[in-house]
Amino acid sequence: MRLRRSRLDRLEDDVLNESRPLAPILRQVIALGGHAHSEPLRTWALRELQGYEGTDVPIPDYRRIAAPLVMDGLTGRFQFQKQPVSMFDLPDFAQESLGDVLRLGQGVGQIESLIARQPGQTVQLAPAMAAEVAVFMSQNPSRQVLRLYWAVHPSAMEGVLDQVRTRLVQLVGELRAAMPHGQQNPTPDQVAQALQNINIVTGDHSSVTVTAPVAVAHRRGSARAEIGGAAQRTFPWRLVVWTALATLVTAAAVAAWVTWL
(Lines give C-alpha, C1' and ligand atoms only; values in the text may rest on other atoms or scores of the structure.)
Protein backbone atom coordinates (compact mmCIF):
# COMPACT_ATOMS: atom_id res chain seq x y z
CA MET A 1 0.00 0.00 0.00
CA ARG A 2 1.44 3.33 -1.07
CA LEU A 3 1.65 5.92 1.68
CA ARG A 4 0.05 9.29 1.04
CA ARG A 5 2.64 11.99 0.48
CA SER A 6 2.52 14.88 2.94
CA ARG A 7 2.41 18.59 2.10
CA LEU A 8 6.06 18.88 3.06
CA ASP A 9 6.97 15.98 0.74
CA ARG A 10 5.30 17.69 -2.21
CA LEU A 11 6.83 21.05 -1.32
CA GLU A 12 10.31 19.50 -1.11
CA ASP A 13 9.98 17.79 -4.49
CA ASP A 14 8.78 20.95 -6.21
CA VAL A 15 11.25 23.38 -4.67
CA LEU A 16 14.22 21.13 -5.52
CA ASN A 17 13.03 20.84 -9.13
CA GLU A 18 14.71 23.83 -10.80
CA SER A 19 12.32 23.61 -13.75
CA ARG A 20 9.27 24.20 -11.57
CA PRO A 21 8.04 27.82 -11.46
CA LEU A 22 8.01 29.50 -8.07
CA ALA A 23 4.45 30.85 -8.09
CA PRO A 24 2.66 27.51 -7.45
CA ILE A 25 5.32 26.55 -4.90
CA LEU A 26 4.66 29.73 -2.92
CA ARG A 27 0.95 28.91 -2.93
CA GLN A 28 1.84 25.61 -1.27
CA VAL A 29 3.81 27.57 1.34
CA ILE A 30 0.75 29.73 2.09
CA ALA A 31 -1.30 26.58 2.64
CA LEU A 32 1.45 25.09 4.82
CA GLY A 33 1.59 28.30 6.85
CA GLY A 34 -2.17 28.15 7.30
CA HIS A 35 -2.13 24.60 8.62
CA ALA A 36 0.80 25.50 10.91
CA HIS A 37 -0.85 28.76 12.07
CA SER A 38 2.22 30.75 10.97
CA GLU A 39 1.34 34.33 10.03
CA PRO A 40 4.97 35.39 9.18
CA LEU A 41 5.32 32.51 6.72
CA ARG A 42 1.99 33.26 5.03
CA THR A 43 2.75 36.99 4.87
CA TRP A 44 6.14 36.51 3.22
CA ALA A 45 4.90 33.96 0.68
CA LEU A 46 1.89 36.12 -0.23
CA ARG A 47 4.03 39.22 -0.75
CA GLU A 48 6.45 37.28 -2.96
CA LEU A 49 3.46 36.13 -5.00
CA GLN A 50 1.62 39.45 -5.28
CA GLY A 51 4.66 41.72 -5.30
CA TYR A 52 5.51 44.77 -3.23
CA GLU A 53 4.48 47.50 -5.68
CA GLY A 54 1.61 49.70 -4.55
CA THR A 55 1.93 48.56 -0.93
CA ASP A 56 3.46 50.03 2.22
CA VAL A 57 5.58 46.91 2.68
CA PRO A 58 9.30 47.66 2.18
CA ILE A 59 10.99 45.66 -0.57
CA PRO A 60 13.51 43.13 0.87
CA ASP A 61 17.21 43.73 0.35
CA TYR A 62 17.65 40.52 -1.66
CA ARG A 63 15.48 42.15 -4.33
CA ARG A 64 18.01 44.97 -4.68
CA ILE A 65 19.82 44.58 -8.01
CA ALA A 66 22.24 46.61 -10.11
CA ALA A 67 20.68 47.98 -13.30
CA PRO A 68 21.70 51.04 -15.36
CA LEU A 69 19.15 53.83 -15.69
CA VAL A 70 19.02 54.80 -19.37
CA MET A 71 17.02 57.01 -21.70
CA ASP A 72 15.82 57.16 -25.30
CA GLY A 73 15.29 60.49 -27.04
CA LEU A 74 16.20 63.02 -29.68
CA THR A 75 19.02 65.50 -29.96
CA GLY A 76 18.69 67.69 -33.02
CA ARG A 77 18.01 65.40 -35.95
CA PHE A 78 19.56 62.39 -34.33
CA GLN A 79 17.88 59.73 -32.22
CA PHE A 80 19.64 58.06 -29.30
CA GLN A 81 18.78 54.91 -27.36
CA LYS A 82 19.90 53.42 -24.06
CA GLN A 83 22.03 56.41 -23.21
CA PRO A 84 23.17 56.20 -19.56
CA VAL A 85 21.57 58.76 -17.26
CA SER A 86 23.89 60.62 -14.93
CA MET A 87 22.79 61.70 -11.47
CA PHE A 88 23.45 65.27 -12.67
CA ASP A 89 20.80 64.74 -15.38
CA LEU A 90 18.10 63.96 -12.82
CA PRO A 91 16.05 66.62 -11.05
CA ASP A 92 16.57 66.99 -7.31
CA PHE A 93 13.25 65.35 -6.43
CA ALA A 94 14.21 62.14 -8.26
CA GLN A 95 17.85 61.67 -7.30
CA GLU A 96 17.14 59.67 -4.14
CA SER A 97 14.67 57.26 -5.74
CA LEU A 98 16.38 56.82 -9.13
CA GLY A 99 19.85 55.56 -9.91
CA ASP A 100 21.72 52.42 -10.87
CA VAL A 101 20.22 50.33 -8.05
CA LEU A 102 16.73 48.92 -8.55
CA ARG A 103 14.48 47.31 -5.96
CA LEU A 104 12.53 44.75 -7.92
CA GLY A 105 8.97 44.91 -6.59
CA GLN A 106 7.14 42.62 -9.04
CA GLY A 107 5.67 39.30 -7.93
CA VAL A 108 7.63 36.16 -8.77
CA GLY A 109 5.14 35.12 -11.45
CA GLN A 110 5.57 38.44 -13.25
CA ILE A 111 9.35 38.24 -12.95
CA GLU A 112 9.34 34.74 -14.43
CA SER A 113 7.07 35.97 -17.24
CA LEU A 114 9.36 38.93 -18.04
CA ILE A 115 12.37 36.63 -18.28
CA ALA A 116 10.55 34.09 -20.49
CA ARG A 117 9.04 36.74 -22.78
CA GLN A 118 12.41 37.75 -24.29
CA PRO A 119 15.01 35.12 -23.37
CA GLY A 120 18.50 36.56 -23.09
CA GLN A 121 17.39 40.12 -23.83
CA THR A 122 17.46 43.14 -21.55
CA VAL A 123 14.20 43.81 -19.73
CA GLN A 124 13.05 47.44 -19.69
CA LEU A 125 11.39 48.57 -16.46
CA ALA A 126 10.18 52.16 -16.16
CA PRO A 127 10.16 54.02 -12.81
CA ALA A 128 6.82 55.16 -11.44
CA MET A 129 7.70 58.81 -12.12
CA ALA A 130 9.34 58.20 -15.50
CA ALA A 131 7.01 60.48 -17.49
CA GLU A 132 7.38 63.43 -15.10
CA VAL A 133 11.17 63.11 -14.99
CA ALA A 134 11.39 62.84 -18.79
CA VAL A 135 9.42 66.09 -19.16
CA PHE A 136 11.71 67.84 -16.67
CA MET A 137 14.86 66.57 -18.43
CA SER A 138 13.48 67.75 -21.79
CA GLN A 139 13.65 71.38 -20.67
CA ASN A 140 17.08 71.40 -22.26
CA PRO A 141 16.29 72.75 -25.77
CA SER A 142 19.00 70.63 -27.38
CA ARG A 143 17.58 67.34 -26.07
CA GLN A 144 14.19 65.69 -25.83
CA VAL A 145 13.85 62.66 -23.57
CA LEU A 146 11.20 60.26 -24.83
CA ARG A 147 11.65 57.31 -22.46
CA LEU A 148 13.37 56.69 -19.14
CA TYR A 149 13.87 53.13 -17.85
CA TRP A 150 16.11 50.64 -16.17
CA ALA A 151 17.82 48.18 -18.51
CA VAL A 152 17.74 45.01 -16.42
CA HIS A 153 19.80 42.00 -17.44
CA PRO A 154 17.85 38.73 -17.12
CA SER A 155 20.58 37.22 -14.95
CA ALA A 156 19.92 39.87 -12.28
CA MET A 157 16.23 38.95 -12.21
CA GLU A 158 17.09 35.25 -12.14
CA GLY A 159 19.28 35.99 -9.13
CA VAL A 160 16.26 37.34 -7.25
CA LEU A 161 14.27 34.20 -8.05
CA ASP A 162 17.21 32.09 -6.92
CA GLN A 163 17.23 33.93 -3.58
CA VAL A 164 13.54 33.11 -3.09
CA ARG A 165 14.07 29.44 -4.02
CA THR A 166 17.03 29.18 -1.65
CA ARG A 167 14.90 30.45 1.21
CA LEU A 168 12.28 27.84 0.39
CA VAL A 169 14.93 25.10 0.43
CA GLN A 170 16.10 26.44 3.80
CA LEU A 171 12.55 26.24 5.06
CA VAL A 172 12.21 22.60 4.04
CA GLY A 173 15.61 21.74 5.53
CA GLU A 174 14.85 23.40 8.86
CA LEU A 175 11.48 21.68 9.09
CA ARG A 176 13.02 18.29 8.30
CA ALA A 177 15.61 18.85 11.02
CA ALA A 178 12.91 19.78 13.57
CA MET A 179 10.54 16.89 12.78
CA PRO A 180 11.13 13.40 14.17
CA HIS A 181 11.23 10.46 11.77
CA GLY A 182 7.78 9.39 10.65
CA GLN A 183 6.03 12.69 11.31
CA GLN A 184 4.02 13.81 8.27
CA ASN A 185 3.36 17.52 8.81
CA PRO A 186 5.09 20.13 11.00
CA THR A 187 3.51 21.52 14.14
CA PRO A 188 3.15 25.28 14.80
CA ASP A 189 6.07 25.15 17.23
CA GLN A 190 8.29 23.43 14.66
CA VAL A 191 7.47 26.04 12.01
CA ALA A 192 8.21 28.86 14.47
CA GLN A 193 11.52 27.20 15.31
CA ALA A 194 12.41 26.80 11.62
CA LEU A 195 11.65 30.45 10.84
CA GLN A 196 14.15 31.58 13.45
CA ASN A 197 16.96 30.29 11.21
CA ILE A 198 15.69 31.56 7.84
CA ASN A 199 16.55 34.98 6.46
CA ILE A 200 13.19 36.00 5.06
CA VAL A 201 11.51 39.36 5.45
CA THR A 202 8.08 40.05 6.87
CA GLY A 203 5.81 42.98 6.30
CA ASP A 204 7.61 45.34 8.68
CA HIS A 205 10.95 44.77 6.88
CA SER A 206 12.31 42.81 9.83
CA SER A 207 14.05 39.51 9.35
CA VAL A 208 12.23 36.43 10.60
CA THR A 209 15.52 35.41 12.20
CA VAL A 210 14.92 36.53 15.79
CA THR A 211 16.79 36.81 19.06
CA ALA A 212 13.81 38.13 21.02
CA PRO A 213 11.02 35.81 22.22
CA VAL A 214 8.69 34.47 19.55
CA ALA A 215 4.98 34.36 20.28
CA VAL A 216 3.68 30.91 19.41
CA ALA A 217 -0.11 30.57 19.27
CA HIS A 218 -1.54 27.10 19.61
CA ARG A 219 -4.92 25.91 18.43
CA ARG A 220 -6.38 26.12 21.90
CA GLY A 221 -4.72 28.52 24.28
CA SER A 222 -2.99 31.87 24.36
CA ALA A 223 0.35 32.75 22.85
CA ARG A 224 3.43 32.48 25.00
CA ALA A 225 6.93 33.85 24.50
CA GLU A 226 9.59 31.25 23.88
CA ILE A 227 13.34 31.18 23.31
CA GLY A 228 14.70 27.80 22.35
CA GLY A 229 11.45 26.14 23.44
CA ALA A 230 11.47 27.43 27.02
CA ALA A 231 8.79 29.82 28.23
CA GLN A 232 10.18 33.14 29.46
CA ARG A 233 8.74 34.83 32.54
CA THR A 234 9.09 38.62 32.89
CA PHE A 235 9.43 40.36 36.26
CA PRO A 236 6.19 42.24 37.18
CA TRP A 237 7.81 45.68 37.51
CA ARG A 238 4.52 47.53 36.95
CA LEU A 239 2.82 45.68 39.79
CA VAL A 240 5.72 46.42 42.14
CA VAL A 241 5.67 50.15 41.34
CA TRP A 242 1.90 50.49 41.86
CA THR A 243 2.10 48.55 45.13
CA ALA A 244 4.85 50.85 46.43
CA LEU A 245 2.89 53.96 45.49
CA ALA A 246 -0.24 52.65 47.21
CA THR A 247 1.78 51.94 50.37
CA LEU A 248 3.22 55.48 50.43
CA VAL A 249 -0.21 57.06 49.96
CA THR A 250 -1.69 54.95 52.77
CA ALA A 251 1.19 55.85 55.14
CA ALA A 252 0.77 59.58 54.42
CA ALA A 253 -2.97 59.38 55.10
CA VAL A 254 -2.43 57.61 58.44
CA ALA A 255 0.19 60.19 59.51
CA ALA A 256 -2.14 63.08 58.67
CA TRP A 257 -4.99 61.48 60.65
CA VAL A 258 -2.78 60.96 63.75
CA THR A 259 -1.60 64.60 63.61
CA TRP A 260 -5.19 65.85 63.38
CA LEU A 261 -6.09 63.88 66.46
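Here the structure is shown first, and the text comes after it.
Residues numbered from 1 in each chain as written. Predicted model: local features only at pLDDT ≥ 70, side-chain atom pairs only at ≥ 80, totals over all residues. Heavy atoms only, no water.

(A) Region of interest: the overall build of the chain. Regarding its fold elements, the chain presents 8 helices and 9 strands. Taking all 261 residues of the chain together, the buried fraction comes to 34%. In the chain, of all internal contacts separated by at least 6 residues, the share reaching a separation of at least 24 is 64%. With an accessible surface of roughly 16,200 Å², the chain has 55% of that area assigned to carbon and sulfur atoms. (Helix = DSSP H or I, 4+ residues; strand = E, 2+ residues; numbered from the N terminus. Buried < 20%, exposed > 50% of the residue type's maximum accessible area, 1.4 Å probe, protein only. Contact = heavy atoms within 4.5 Å. Areas by Shrake-Rupley, 256 points an atom, 1.4 Å probe, with all protein chains shown as cover.)

(B) Structural view of the side chain of arginine 167. Among the structural elements, arginine 167 can be located in helix 6 (residues 154-178). Side chain to side chain, arginine 167 and glutamine 163 meet in a polar contact 2.7 Å long. (Polar contact = N/O pair within 3.5 Å; in protein donor to acceptor, adjacent residues only side chain to side chain.)

(C) Quick peek at the packing of helix 1 (residues 7-16) against helix 6. Interhelical geometry of helix 1 versus helix 6 gives an angle of 145° and a closest axis separation of 10 Å. Judged by the twist between their axes, the crossing of helix 1 over helix 6 is left-handed. Within the contact between the two elements, helix 1 uses Leu8, Asp9, Leu11, Glu12, Asp14, Val15 and Leu16 and helix 6 uses Arg165, Leu168, Val169, Val172, Leu175 and Arg176. Considered class by class, the residues forming the contact of helix 1 with helix 6 number 8 nonpolar, no polar and 5 charged. (Axes fitted to C-alpha atoms, helices over the stretch in contact; angles between N-to-C directions. Left-handed = near helix turned anticlockwise from the far one by under 90°. Nonpolar A, V, L, I, M, F, W, Y, C, P; charged D, E, K, R; others polar.)

(D) Seen up close, the sheet that holds strand 2 (residues 69-75). With antiparallel pairing, 4 strands are arranged side by side in an open sheet as 3-2-6-5. Looking at which strands have only one partner, the edges of the open sheet turn out to be strand 3 (78-84) and strand 5 (123-125). Ignoring which end each strand starts from, the neighbouring axes of this sheet average 30° apart. Pairing between strand 2 and strand 6 (residues 144-152): 6 bridges, direction antiparallel. In the strand pairing of strand 6, methionine 71 is matched with leucine 148. (Pairing = 2+ DSSP bridges.)

(E) Broad picture of helix 1. For helix 1, the set of buried residues is Leu8, Leu11, Asp14 and Val15. Buried residues of helix 1 fall within an arc of 130° about the axis and therefore sit on the same side. Where helix 1 is buried, its residues touch helix 2 (22-35) and helix 6. (Arc of directions from axis to C-beta.)

(F) Highlighting helix 6. Along its 25 residues, helix 6 runs 36 Å from first to last C-alpha, staying within 8% of the 36 Å computed at 1.5 Å per residue. Among the residues of helix 6, Pro154, Met157, Val160, Leu161, Val164, Arg165, Arg167, Leu168, Leu171, Val172 and Leu175 are the ones counted as buried. (Expected span 1.5 Å × (residues − 1).)

(G) Up close: the pairing of strand 3. Pairing geometry for strand 2 and strand 3, over 5 bridges, is antiparallel. Considered in strand 3, the bridge of valine 70 is made with proline 84. Two successive antiparallel strands, strand 2 and strand 3, enclose a turn made up of 2 residues, where glycine 76 displays a positive phi of approximately 65°.

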